[in-house]
Amino acid sequence: MNAVIYALFIVLPYVSLVVLIGGSTYRVLRWATTPKGGGGLYLGLYRLVNRAGQRSYLSAVGHILARMLAFHTIPKNSYGRDYGTWLSVFLFHWGVFLLIAFHLHLWMPWLRVGAEAMYVMGMATGTIALGAGLFLLARRVGLRRIYGLALNALDDYVAITWVVLIIALGLAMRALAPPGLFGEAVAWATGLSSLHPEPPPAFPLFYAHVLAVELFMIYLPFSKMAHPFTFPVNPVLYGKFEDVDEVRRRVEEELGW
Amino acid sequence: MVSVRKVTYGRGGRDILEESPMYGEWRREFEGRGSVHVRIKEETDEGTLKAIGVTEMQRIDRGASPAERKRFFASRVAEMARENRAFRHHMDACVHCGLCIDKCPEYLGTRDPTNSPVGRADLVRRIYRRLNKASDGLLGRDVDDKDLARFLEEVDLDRIWTYYYQCTECRRCSVYCPMGIDQGEITRAVRQIFVEMGMIPEFNARTIRGVYETGNNMYIKKEAAQNVLDFVLDDMRQETGRDFKAAMDAERADALLLPSSTDFFSNIGTLKGEIAIMDELGLDWTLDSRALEVANFGLFEDEAHLKYIGDNYVNAALRRGVKMVVFGECGHGWRAFKNYVAPRLEAMGVQAISITQLTAWALRKGRLRVDKKVDAVVTYHDPCNLARAGDLIEEPRFVLRSVVKELRERVHNREKTLCCGAGGGLLTDELMPLRVWAGWPSVYDSLRTGAQYMVAPCSIDKAQFPAVIQYHKAPIKFKGVSDFVYAAMYGLDVDKIA
Ligand code: SF4
Ligand code: SF4
């Protein structure tokens, strides 16, 4: 292993992981430890929750999960429903979730999946995610035309482009992979996790794909890509109202009804 | 800035703006230039500022140089992010998807994209990001003075002021934003900063002054209120042939009714309904001449005034030694009441409920009898602050179904409700062009149901909608909920009771 390969594929993975976990934790802690406001109130209010009928924290958790996994606010009716955007958002996010899950296979070689099944599932999911990602990128470029507002910052383009690039590189790698690549990648991955580094497969597209991921992991906590972590610290979503039936019972008792 | 994407019901329909007979007026007012010219007045006189304590809260002189004032504003934005979790979250979490834009009633009414949730937020987010260097201060240092000065040159405080007083704090954005960002909360934070700079809209400052001087927004003194009350009771006796009791400032009582001060002027029908409900339930109840109000304009301005006005309600309850406070018809006031006053009253063992809840529960238990349902088709406009901040959605519907022949739902109901266009402290004449157009989507949504009446338990709605309806020559009338309850209880004509 030459020094560059060693630095980029043995050292950098650890650095990326530390930055990803450390940085995200730091961000979440910063949000969570920011006081509500003076005197423990949000500018004078005890709560900010915006959803009527949210009477327990459990229902808040359910609502937040639904937002994160089903994106159901996007097709919510307001002069028609935006199914197109919803579908692409849904496919893109779930494509990425699934692709990440598939990669866990690298650490579970005992899980027997037929090579063909693996290939088909990976390529199909990747292609769908790539298509949805490109659609979202196009939508972003066209935002100004849709809404008349230039709201894209550099971060907005970088983030989506980067993910699309990672997926594209992954797909290309998979399509052009020499037969032994998966085995070598497993050796490299398990080597990293067991702290007994093995050299990465010597394949340019593999290098490119992995490097893009590593850099993305470092970029993530400090960009808009930290957005999934903001859900549990949004007081508009995680709050709750008191139980109105409880109030009603108290009042009825008071009135002797 | 013409309507970029048409806002229609169904494919191929006309844009909702074009559905108004006043569309020509709209084009003259907003087309090609947006709404930046509709600016709320902040030229409040010193006397009023002093009377409501703004001069004490103020942290920078109004005569300070523009550069100094901008610097103060920027430094407060940074501070706000450190001390206000919601503000910090909302500054950080936006993914710039733009999905909130065409959900904002202000955007729907003006089609000015800066007058939208993310447009408004970005005016301030740009400053926040610059101060935080994107990396949250982790990498990179804080900006140095020279950098800041150069950057602040581009910041236009007056533009921020204008657009932040075009937000009704309706929170519709927070329902539709995938991240749950509530621009209404950013607006509250930014207005807090403006108040600290001695900037508060004249209309709102004068309204708050009313509470300082008389305990209500309309400067009604006790004698005047008593006169109106006597007159109303007399009227009710004639209409129903029945005697009603309504005490003012009773030494002790079980329940305190907080009416809207406007119920003593323009919404007499609502006042009659509230009195009748309290009386029919056989409650030992009173009004408090220092708390003839439900509004809380502090919600639109700053924390100190919100608390001051909120405390006024707590004090009234303590003064009268009541076990229960019944809150009259008001939207934004209910938000402040439910989320600031009620928890404090409940901690003291005092029940805090709204008249709509009381009516619904009484009807369900058969404690209120309805003589004859009002023969009318109505539709319900969910006041923003009840639906999205007050957990009050089904009770008014239950009440209306019990007292009118037919209740028709609008397309945009419950948490999807469209704003009246004058909440958030925008109920002032100089914003009229904005008000009549931001309120139009809701009126049009109601018109499409074919109902004769639009109904809402909200005093701002009662001041705003008649103006919108008249402007657009819309064939629909507007009323409060308790008006219908009163009419139904005694079989009266709802149009004749006010
Ligand atoms: S609170 Fe209402 S008026 Fe303000 S930005 Fe959000 S949707 Fe628009
Ligand atoms: S919907 Fe939310 S995340 Fe998207 S642009 Fe608007 S405020 Fe930002």
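Note that this is a predicted model, so its numbers are computed, not measured.

What counts and how
- Residues numbered from 1 in each chain as written.
- Chains lettered and ligands numbered in written order.
- Predicted model: local features only at pLDDT ≥ 70, side-chain atom pairs only at ≥ 80, totals over all residues.
- Heavy atoms only, no water.
- Helix = DSSP H or I, 4+ residues; strand = E, 2+ residues; numbered from the N terminus.
- Rg over C-alpha atoms; globule rule 2.2 N^0.38 Å.
- Lys, Arg positive; Asp, Glu negative; His and termini not counted.
- Charge placed at Lys NZ, Arg CZ, Asp CG, Glu CD.
- Contact = heavy atoms within 4.5 Å.
- Buried area = accessible area lost by both parts, 1.4 Å probe.
- Polar contact = N/O pair within 3.5 Å; in protein donor to acceptor, adjacent residues only side chain to side chain.
- Buried < 20%, exposed > 50% of the residue type's maximum accessible area, 1.4 Å probe, protein only.
- Pairing = 2+ DSSP bridges.
- Near = heavy atom within 4 Å.
- Nonpolar A, V, L, I, M, F, W, Y, C, P; charged D, E, K, R; others polar.
- 1 Å grid on protein atoms, 1.4 Å probe; cavity = no way out; pocket = protein on both sides within 12 Å on 5 of 7 lines; lining within 4 Å.
- Points joined across faces, edges and corners; volume = space filled by probe spheres on them.
- Domains from an automatic or database assignment.
- Salt bridge = Lys/Arg side-chain N within 4 Å of Asp/Glu carboxyl O.
- Core = buried A, V, L, I, M, F, W, Y, C linked by side-chain atoms within 4.5 Å.
- pLDDT = per-residue confidence, 0-100.
- Expected span 1.5 Å × (residues − 1).
- Arc of directions from axis to C-beta.
- Axes fitted to C-alpha atoms, helices over the stretch in contact; angles between N-to-C directions.

**Some details on the overall build of chain B**
Secondary structure summary: chain B contains 24 helices and nine strands in total. Taken against the 2.2 N^0.38 rule, which gives 23 Å for 498 residues, the C-alpha radius of gyration of chain B at 23 Å falls within 12% of a compact globule. Considering only C-alpha atoms, chain B reaches an extent of 75 × 55 × 35 Å along its principal axes. Side-chain charges in chain B split into 73 positive and 73 negative, and the spacing between the mean points of these groups amounts to 4 Å.

**A few points about the interface of chain B and chain A**
Opposite the 90 residues of chain B that make contact, chain A presents 66 residues. Summing both partners gives a buried area of about 6800 Å² for chain B against chain A, and 58% of it is carried by carbon and sulfur. If you sort the residues of chain B by the area they bury against chain A, B:Arg85, B:Trp361 and B:Asp391 come out on top, with a joint share of 12%. On inspection of chain B and its partner chain A, the count reaches 35 residue pairs in polar contact (both at pLDDT 80 or more).

**Concerning the pairing of strand 6 (residues 374-380) of chain B**
Residue and element names in this part refer to chain B. Of all seven residues in strand 6, six are buried, a share of seventy percent or more. When strand 6 meets strand 7 (residues 404-408), the two strands line up parallel, connected through four bridges. Looking across to strand 7, one finds that Val378 is bridged to Leu407. Here strand 6 pairs with strand 8 (residues 453-455) via three bridges, running parallel. Bridging across to strand 8, Thr379 finds its partner in Met454.

**Considering the site of ligand 2**
Around ligand 2 lies a shell formed by B:Cys94, B:Val95, B:His96, B:Cys97, B:Gly98, B:Leu99, B:Cys100, B:Val118, B:Cys177, B:Pro178, B:Met179 and B:Ile181. When the residues that make up the shell around ligand 2 are grouped by side-chain class, the tally is 10 nonpolar, two polar and no charged.

**Focus: the layout of surface pockets**
Taken as a whole, the second largest pocket holds about 790 Å³ of empty space. What lines the second largest pocket is a set of 33 residues, and nearest its centre among them are A:Ala153, A:Asp155, B:His96, B:Arg125 and B:Arg129. Where the lining of the second largest pocket is concerned, the elements lending two or more residues are helix 5 (154-176) and helix 7 (204-219) of chain A together with helix 5 (85-93) and helix 7 (117-132) of chain B. Of the residues forming the lining of the second largest pocket, the biggest block, 10 residues, is contributed by helix 7 of chain B. A breakdown of the residues in the lining of the second largest pocket according to their chemical character gives 15 nonpolar, seven polar and 11 charged.

**Focus: the site of ligand 1**
All names here are of chain B. Around ligand 1 lies a shell of 13 residues, among which Cys104, Cys167, Cys170, Arg171 and Cys173 are the nearest. Put simply, the parts of the chain that give the shell around ligand 1 at least two residues each are helix 6 (105-110), helix 7 and helix 11 (183-196). Partitioned by chemical class, the residues of the shell around ligand 1 number six nonpolar, three polar and four charged.

**Considering the domain arrangement of chain B**
Residues and elements named next belong to chain B. Looking at the assigned domains, one finds that chain B contains domain 1 (34-200), domain 2 (215-363) and domain 3 (368-489). The distance between the C-alpha centroids of domain 1 and domain 2 comes to 34 Å. Each side of the interface is counted separately: domain 1 has 12 residues, and domain 2 has nine residues. Roughly 870 Å² of surface becomes buried between domain 1 and domain 2 when both sides are summed, with 45% attributable to carbon and sulfur atoms. At the junction of domain 1 and domain 2, the tally comes to one salt bridge. Arg335 serves as the salt-bridge partner of Glu185, at 3.7 Å between the closest nitrogen and oxygen. For the interface between domain 1 and domain 2, the tally reads five residue pairs in polar contact (both at pLDDT 80 or more).

**A few points about the nonpolar core**
A general trend in soluble globular proteins is that nonpolar side chains are found buried together. Counting residues in hydrophobic clusters, the biggest one holds 220 residues, and the most contacted among them are B:Phe73, B:Ile160, B:Ile275 and B:Phe337. What B:Ile275 contacts, discounting residues up to four positions off in sequence, is B:Leu229, B:Val232, B:Leu233, B:Met236, B:Phe244, B:Lys245, B:Ala246 and B:Trp285.

**Regarding the environment of A:Leu255**
Mapping A:Leu255 onto the fold places it in helix 9 (residues 244-255). When residues no more than four places from it in sequence are discounted, the contact partners of A:Leu255 are B:Leu283, B:Met324 and B:Leu358.

**Some words on the confidence of the model for chain B**
Residue and element names in this part refer to chain B. Of all residues in chain B, 97% attain a pLDDT of 70 or more, and the chain-wide mean is 95. Predicted confidence is poor over residues 134-140, with pLDDT under 50, and the contacts of this stretch with residues over four places away or in other chains come to 10 contacts. The ipTM for the predicted assembly is 0.96, set against a pTM of 0.96.

**Observations regarding helix 6 (residues 181-193) of chain A**
Residue and element names in this part refer to chain A. Compared with an ideal rise of 1.5 Å per residue, which puts 13 residues at 18 Å, helix 6 spans 18 Å between its outermost C-alpha atoms and is within 8% of the ideal. For helix 6, the complete set of buried residues consists of Leu181, Ala185, Val186, Trp188, Ala189, Gly191 and Leu192. Considering only its buried residues, helix 6 is in contact with helix 1 (3-33), helix 5 and helix 7. Two residues or fewer past helix 6, Leu195 is found with a positive phi of approximately 65 degrees.

**Concerning helix 13 (residues 222-240) of chain B**
Residues and elements named next belong to chain B. With 19 residues, helix 13 should reach 27 Å at 1.5 Å per residue; the first-to-last C-alpha distance of 26 Å fits that figure. Of all the residues in helix 13, the buried ones are Ala225, Leu229, Val232, Leu233 and Met236. Burial along helix 13 is one-sided: seen end-on, the buried residues are contained in an arc of 105 degrees. Turned more than 90 degrees away from the buried face of helix 13 sit Glu223, Asn227, Phe231 and Gln238, all of them exposed. Packing partners of the buried residues in helix 13 comprise strand 1 (247-248), helix 14 (268-280), strand 3 (285-287) and helix 24 (481-490). Downstream of helix 13 by one or two residues, Gly241 has phi in the positive range, about 70 degrees.

**Focus on the environment of B:Phe72**
Residue and element names in this part refer to chain B. Note on placement: Phe72 falls in helix 4 (residues 66-83). Look at Phe72 and you get buried, because its relative accessible area is 11%. Those residues in contact with Phe72 that sit more than four places away from it in its chain are Arg59, Ile60, Ile193, Glu196 and Met197.

**A short note on the side chain of B:Thr44**
Residue and element names in this part refer to chain B. When you line up the elements, Thr44 lands in the loop between helix 1 (23-30) and helix 2 (46-51). In terms of polar contacts, Thr44 uses its side chain to reach the backbone amide nitrogen of Glu202, at 3.3 Å. Every residue in contact with Thr44, bar those within four places of it in the chain, is listed here: Leu49, Arg62, Ile200, Pro201, Glu202 and Ala205.

**Thoughts on the sheet that holds strand 7 of chain B**
Residues and elements named next belong to chain B. The strand order 7-6-8-9 describes an open sheet built from four strands, whose pairing is parallel. For this open sheet the edge positions go to strand 7 and strand 9 (477-479), each flanked by a neighbour on one side alone. Looking at each pair of strands side by side, their axes are set apart by 35 degrees on average, direction ignored. Contacting strand 6, strand 7, strand 8 and strand 9, helix 24 crosses the sheet at an angle of about 165 degrees to strand 6.

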